[in-house]
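Descriptive analysis of the structure
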Amino acid sequence: MKHHKYIGHPVIRIDGREKVSGAAVFADDIDFGANLLYVEVVTSSQAHALIKSIDTSAAESIEGVVKIFTGKDFPYKFGLYMKDRYIFAQEKVRFYGEQVAAVVARTPQAAKQAARLVNVEYEPLPVLTDQMQALDEACTLIHPDLGDYEHVPWFFPRANTNIAHWRKIRKGDLDGGFAQADYILEDTYNVPRYAHCAIETHVAIGKYDHSGRLTVWSSSQSPHTQRNLFAEALAPLGLTHKDVRVITPHVGGGFGGKAGVTMEIIPAALATKLRGYAVKLRWTREQEFTNTYQRLGVIAKLRMGVTQDGVITALDHKIYWDAGAYVEYGANVVNAVGLSAIGPYRIPNVSIDSVCVYTNLPPGGPYRGFGYSEMLFGLESHIDCIADHLGIDPVQFRRKNAINEGDTTAYGAKMNPNGLIEAIDKVTAAIEWDKPLRSSDPSKVLGKGFALFWKAPAMPPNASSSAFLKFNEDASINLIISGMDIGQGYQTVMAQIAAEVLSIPPAKIRVETPDTDRNPYEWQTVASHITWSCGNAVKNAALDARDQIFSLITRVFNLPADTLYLEDEAVKCESDERFHLPLRDCVINGIMTGDGTFKGGPIIGRGMFMPEFTSTKGNPETGQGGHPNVHYTVGAGAIILEIDRETGKMRVLKAAEAVDAGCALNPDLIKGQITGGLLQGLATVLYEDMRFDEK
Amino acid sequence: MKQVTFTLNDEIRSCLVKPNETLLDILRDRLGVKSPKCGCDHGDCGSCAVLLNGKSVRSCLIFAIECEGMEIHTLEGISKDKLTTLQEAFIAFNSFQCGYCAPGVIVTATELLANNPHPTLEEIKEALSGNLCRCTGYTPIFDAIMAVTWKENK
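**Overview of the overall build of chain A**
Secondary structure summary: chain A contains 15 helices and 29 strands in total. A compact globule built from 695 residues should have a C-alpha radius of gyration of about 26 Å, and chain A, at 27 Å, falls within 12% of that. Considering chain A as a whole, with its 695 residues, one finds that 53% of them fall into the buried category. Counting only contacts in chain A whose residues sit at least 6 apart along the sequence, the fraction spanning at least 24 positions is 78%.

Below, the structure written as structure tokens:
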């Protein structure tokens, strides 16, 4: 392997000084001057109801109120993969906390006070909080017009039901597979909803200036996707993509919760009716729990057949998702997991039904892991029970059935190269799987648990990244890209990639947060894909810049481009050791030739990347064909758990995890992701869930 | 409205405040000091921590009107000219990810080290129990503080 100077090294974060000094600017930190208005949203007190009337008269009389808006002012739909959401509730509300009206006022206090005085009269409708109940054919329809909704071609909604999407996989001969089995286990697993709980709540500020240009500053993982959705939703007002600008400063945690568009559409839309004002909306901590994406609830029914010696012969996996009142993003979680509900195992005969069900709960959406943890909870628990029944060591069982490179996935594509077996080996060793455990305290019991995982996020097949790279006089670089550093260290790693190609230290590379007017296109910072996708775009931009430099040297010094290389911020030549041209002497001002004229000029690289091998064109009835995932990330994890016999209190004494992350571009940063993710996972298992009453 | 005068990051500042305005809002919206962040507005997350007469408080729970004559330090004041050893350690140990909780965490840890230069891990955990971080899992934060302690011990 080639020796790398920056790639693979624990380079110090380039955003460190900003973040530890308090200088880092988040959306809520931006000042907008005297023309700033504050929004307070009037939210639904009902989970499912018709809106009979909205009386704003009392609220209007509060001093400082500028204007009050309701659904009548914005009869527009929006959505990422399916247009099923409204800027404000129209004739009915579908979850507790849904936006019904908004008060815009000169102070937050006036907005709050007035919002309390908006009187909304509801006529309650039957409330569906349980996905199994919502599947009942005789029950209330949450979206009676579902059949008319626009959606991406890989979704299969069923009109006149509450089923927004049904991902089906049929592979091999299921009945035959069960017939070969010596043992069949059937069970049901439930996983509740969870909230992301980023420490920064959602914030967005919209400003529609007198020239008709809309700028939105938002705390978001998806500036370009937001621009696209704002432009689409507000097209009836005459807005086009050129007129919409999204600026996303530092983000105080995302975990999927700030992907796509949720509350940001509100200030964006309100601003269009309040020319010249900046219109700000900041969600309260409470609203974070009622009106942003949540992790979907799951009921999984598993039936798995195995031979006596522990080979999986068949899997029937039915997953029913409580996807909430709007599924414009959440339905893709259902899709991704439906494609992958075999887990990282080689299973010849498979049936998967991943069913996205509308309920009267807040919209489900992306949450770290994109549905995989919920699915894996059932699958891995099921495998433990089966191994126990067969008397086979659960790690041995997993090792035996682990998917290998070249095995077929559930949808028929070949499994990518992976280090699953190596991960199993490493975790087995780290947790000392074979060493028996006994607590020295008789009131406590100790146990070990082991699980495998995989993830591939089923992005649109044309999700792309692009990059601009411009040199400055001293050969420092501005790398202009549109991914978001939501904490993972993306800016640093992108700088490392450009640094490696161009021999400029990462500390001399500045990466700023995006502005859709100035930074090139990026689909979204989601799907654990940004290092790979944007990283390739950055590499291509750096190569483009390098080629421009080499071509200039060839032109001026007549040295063949294939003998040139970059080292220590200078151009050097393999065939002429004496040749040494510092980059700072050519990347802006060009090179002076004998007659005093200059050749060259500012070097600006561009690069883009799109995974051209992916396709969502699978058979809707079987899922076979197509290549909906770019690749699967695999790994293994284990814990030692102590349980108090009397109180049931649990303590995790040790955790071991191995992830095949490919080449760890920055080992320290990826360790931060793995440990942070592991702890967030433990928190969801041990401490967190979301509970709802019938309202 | 009442005129309140206090020392903010070693400078005397005055402003007219309403009785229900919090110190956090005044610092951020009226005095332009943005390092204290609003995460919960209920005193749960610690992102708004500032030092009030040397003691860390959640500025979202303090009314500005109570601060007459007090000494307030925010992260801006703690590292006026250069980063402190603790801040440098936060960079070295990747003790932040998104960075939103970092100002509150560093303010609280600064108070701890001022009162107890060599805290044990348990004392560090206790001191930071009111600061939430959703990204790091806390270990890198404890590591950075321990490293500073260790450095000064040497």
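We are not done yet, so read on.
**Some thoughts on the overall build of chain B**
Check the secondary structure of chain B and you find 6 helices and 5 strands. For 154 residues, the compact-globule estimate of 2.2 N^0.38 gives 15 Å, and the C-alpha radius of gyration of chain B, at 15 Å, lies within 12% of that figure. Overall size of chain B, expressed as C-alpha extent along the three principal axes, is 50 × 30 × 25 Å. A total of 154 residues make up chain B; the buried ones form 53% of that total. Restricting the contact set of chain B to residue pairs at least 6 apart, pairs at least 24 apart contribute 59%.

**Looking at the environment of Gly33(A)**
Residue and element names in this part refer to chain A. Counting through the fold element by element, Gly33 comes out in the loop between α1 (16-21) and β1 (36-43). Since 6 C-beta atoms lie within 10 Å of it, Gly33 is described here as exposed. Once the C-alpha coordinates of Gly33 and Thr525 are considered, the two residues, 492 residues apart in sequence, prove to be 31 Å apart.

**Examining the packing of helix α11 (residues 394-401) of chain A against helix α12 (residues 420-430) of chain A**
All names here are of chain A. Where α11 meets α12, the axes come as close as 10 Å, and the angle between the chain directions of the two elements is 165 degrees. It follows from the interaxial angle that α11 and α12 lie roughly antiparallel. Our pair here, α11 against α12, has a crossing hand that is left-handed. Of α12, the residues touching α11 (which contributes Val395, Arg398 and Arg399) are Ile421, Ile424 and Thr428. Of the residues assigned to the contact of α11 with α12, the class counts are 3 nonpolar, 1 polar and 2 charged.

**Notes on α12(A)**
The α-helix winds at 3.6 residues per turn, so residues separated by three or four positions along the chain end up facing the same way. Residue and element names in this part refer to chain A. Inspection of α12 places Leu420, Ala423, Ile424, Val427 and Thr428 among the buried residues, and these make up the whole buried set. Buried positions in α12, seen along its axis, are confined to an arc of 130 degrees and lie on one side of it. Where α12 is buried, its residues meet α11, β18 (444-455), β28 (633-644) and β29 (650-659). Phi turns positive one or two residues past the end of α12, at Glu432, with a value near 50 degrees.

**Points about the pairing of strand β16 (residues 312-324) of chain A**
All names here are of chain A. Taken across its 13 residues, β16 has 11 buried, putting it largely inside the fold. Where strand β15 (residues 297-306) and β16 come together, 10 bridges link them in antiparallel fashion. Across the sheet, Gly305 pairs through a bridge with Ala314, a residue of β16. Between β15 and β16, which follow one another and run antiparallel, lie 5 residues, and Gly310 among them has a positive phi close to 90 degrees. Here β16 runs beside strand β17 (residues 349-358); their pairing, made up of 10 bridges, is parallel. Among the inter-strand pairings, Ile319 is bridged to a residue of β17, identified as Ser354.

**Re the sheet that holds β18(A)**
Residue and element names in this part refer to chain A. The 3 strands are arranged β18-β28-β29 in an open sheet whose pairing can be described as antiparallel. Two strands in the sheet have a free side with no partner beyond their single neighbour: β18 and β29. Ignoring strand direction, the axes of neighbouring strands in this sheet form an average angle of 15 degrees. Across 12 bridges, β18 lies against β28 in antiparallel orientation. The residue of β28 that forms the bridge with Gly447 is Leu641. Here α12 sits on the sheet and contacts β18, β28 and β29; the angle it forms with β28, its principal contact strand, is near 25 degrees.

Cut-offs and rules
Residues numbered from 1 in each chain as written. Chains lettered and ligands numbered in written order. Predicted model: local features only at pLDDT ≥ 70, side-chain atom pairs only at ≥ 80, totals over all residues. Helix = DSSP H or I, 4+ residues; strand = E, 2+ residues; numbered from the N terminus. Rg over C-alpha atoms; globule rule 2.2 N^0.38 Å. Buried ≥ 20, exposed ≤ 12 C-beta atoms within 10 Å, placed from the backbone. Contact = placed C-beta atoms within 7 Å. Axes fitted to C-alpha atoms, helices over the stretch in contact; angles between N-to-C directions. Parallel < 35°, antiparallel > 145°, perpendicular 65-115°, else oblique. Left-handed = near helix turned anticlockwise from the far one by under 90°. Nonpolar A, V, L, I, M, F, W, Y, C, P; charged D, E, K, R; others polar. Arc of directions from axis to C-beta. Pairing = 2+ DSSP bridges.

Just geometry here; none of it tells us what the structure is for.
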